[in-house]
Amino acid sequence: MFKKILVPTDGTPLSDKVVEAAIQFAKIVPDCQILGISVVVPISFSPFEGLGGVDVKEHEQSMLSQANGHIKKLKDAVEAAGLPCEAYVAKSSSPAGEIVKASIEHGCDCIFMSSHGRKGLNKLFLGSETQKVLAQATIPVVVYR
């Protein structure tokens with residue numbers, strides 16, 4: 001049975017449902033714990049950076065602040081359910097790679113995550129971090145839609 005569940009969160013209502021599902025599952029498994037992660041993708045430098053009015057440092061700080069909020073919400077929910085929880089924010093240009101890396105480094109034996117179910121051109125252009133995790137992970141991945 002799974003003892004350490006990795007739960008990536010992006011703060012969307014669907015990822016909140018995944019957190020709840022992970023909590024419900026962990027409650028029925030003795031000594032199960034949850035590891036939460038939120039991955040911030042840094043903006044890469046662009047020669048046009050100053051032209052669009054985007055302050056890269058300000059934007060990144062805003063993204064980190066939001067991710068910390070998502071992690072706090074996850075940690076509060078897990079701890080309110082009486083379960084042990086670790087949670088952190090990571091910065092990476094590859095969220096899927098960071099999720100898989102976290103699962104290995106922290107000894108997780110399952111990943112619970114959401115898929116937004118994009119189709120057509122959105123899927124083609126945006127890609128799917130969930131699909132990338134499914135392709136790279138060596139442990140079971142439970143996907144919620």
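To be clear, the structure that these remarks concern was listed above.
The following paragraphs examine the structure supplied in this document. Source: prediction; values computed, not measured.

Along the backbone of the protein chain there are five helices and five strands. Start at the N end of the protein chain and walk to the C end: the helices and strands fall as β-α-β-α-β-α-β-α-α-β. Of the contacts formed within the protein chain by residues at least 6 apart in sequence, a portion of 76% connects residues at least 24 apart. Carbon and sulfur atoms make up 57% of the accessible area of the protein chain, which totals about 8,300 Å².

Let's shift gears to the packing of helix α1 (residues 13-28) against helix α2 (residues 56-80). Contact geometry of α1 with α2 gives a least axis separation of 10 Å together with a crossing angle of 25 degrees. The angle between α1 and α2 falls in the class roughly parallel. The crossing of α1 and α2 is right-handed. On the side of α1, the interface is formed by Asp16, Val19 and Ile23, while α2 contributes Lys73, Leu74, Ala77 and Val78. Tallied by class, residues from the contact of α1 with α2 come to five nonpolar, no polar and two charged.

Taking strand neighbours across the sheet as the criterion, the five strands line up as β3-β2-β1-β4-β5 in an open arrangement whose pairing is parallel. Each having just a single partner strand, β3 (85-91) and β5 (141-144) make up the two edges of the open sheet. Averaged over neighbouring strand pairs, the angle between their axes works out to 20 degrees when direction is ignored. The pairing of strand β2 (residues 33-40) with β3 spans seven bridges and is classified as parallel. Bridge assignment links Ser38 to a residue of β3, and that residue is Val89. Contacts from helix α3 (residues 95-105) reach β1 (4-8), β2, β3 and β4 (110-114), with the element oriented near 155 degrees to β2.

Attention now moves to α2. What sets the pattern is the α-helix's 3.6 residues per turn: residues three or four places apart point alike. The first and last C-alpha atoms of α2 sit 36 Å apart over 25 residues, in line with the 36 Å expected at 1.5 Å per residue. Those residues of α2 lying buried are Val56, Glu60, Leu64, Ala67, Ile71, Leu74 and Val78. In this structure, the buried residues of α2 make contact with β1, α1, β2 and β3. Positive backbone phi, approximately 80 degrees, marks Gly82, located one or two places after α2.

A word on the packing of aromatic side chains. Going through the model one piece at a time under the given rule, you end up with three aromatic pairs. Centroid distance Phe25 to Phe112: 5.7 Å. Interplanar angle 50 degrees. Geometry classified as tilted. Highlighted residues: Phe25 in helix α1 and Phe112 in strand β4, separated in sequence by 87 residues. We classify Phe112 as buried; its relative accessible area is 3%. Judged by centre distance (6.0 Å) and plane angle (35 degrees), the rings of Phe112 and Tyr144 are tilted. With Phe112 in strand β4 and Tyr144 in strand β5, the pair connects residues that are 32 residues apart, well separated along the chain. An aromatic cluster of three or more residues is present, and its members are Phe2, Phe25, Phe112 and Tyr144.

How each quantity is defined
- Residue indices follow the written sequence of each chain, beginning from 1 at its first position.
- In keeping with the predicted nature of the model, local features appear solely for residues at pLDDT of at least 70, side-chain atom pairs appear and are counted solely at 80 or more, and the whole-chain, interface and lining totals rest on all residues.
- Side-chain metrics rest on all non-hydrogen atoms present in the structure, leaving aside hydrogens and water.
- Segments assigned H or I by DSSP are reported as helices when at least four residues long, segments assigned E as strands when at least two residues long, and all are numbered from the N terminus.
- When checking whether two residues touch, look at their non-hydrogen atoms; a contact exists if any pair is within 4.5 Å.
- Each accessible area is a Shrake-Rupley result for a 1.4 Å probe, and residues are judged covered by the shown protein chains and nothing else.
- To get an axis, fit a line to the C-alpha atoms, keeping to the stretch in contact for a helix; angles then go from 0 to 180 degrees between the N-to-C directions.
- Under this scheme an angle from 65 to 115 degrees is roughly perpendicular, one under 35 degrees roughly parallel, and one over 145 degrees roughly antiparallel; angles in between are oblique.
- Note on convention: near helix rotated counterclockwise from far helix by under a right angle means a left-handed crossing. Clockwise means right-handed.
- Only Asp, Glu, Lys and Arg are considered charged, only Ala, Val, Leu, Ile, Met, Phe, Trp, Tyr, Cys and Pro nonpolar, and every remaining residue, Gly among them, polar.
- Two strands are counted as paired when DSSP detects at least two bridges linking them.
- Expected span of a helix, by definition, is 1.5 Å for each gap between consecutive residues, and there is one gap fewer than residues.
- Three exposure classes are used, based on accessible area relative to the maximum for each residue type with a 1.4 Å probe and protein chains only: buried under 20%, partly exposed in between, and exposed over 50%.
- Two rings from Phe, Tyr or Trp (for Trp, the six-membered ring) form a pair when their centres are within 6.5 Å of each other. A pair whose planes differ by under 30 degrees is stacked, one over 60 is edge-to-face, and the rest are tilted.

All we've got here are geometric facts, nothing functional implied.
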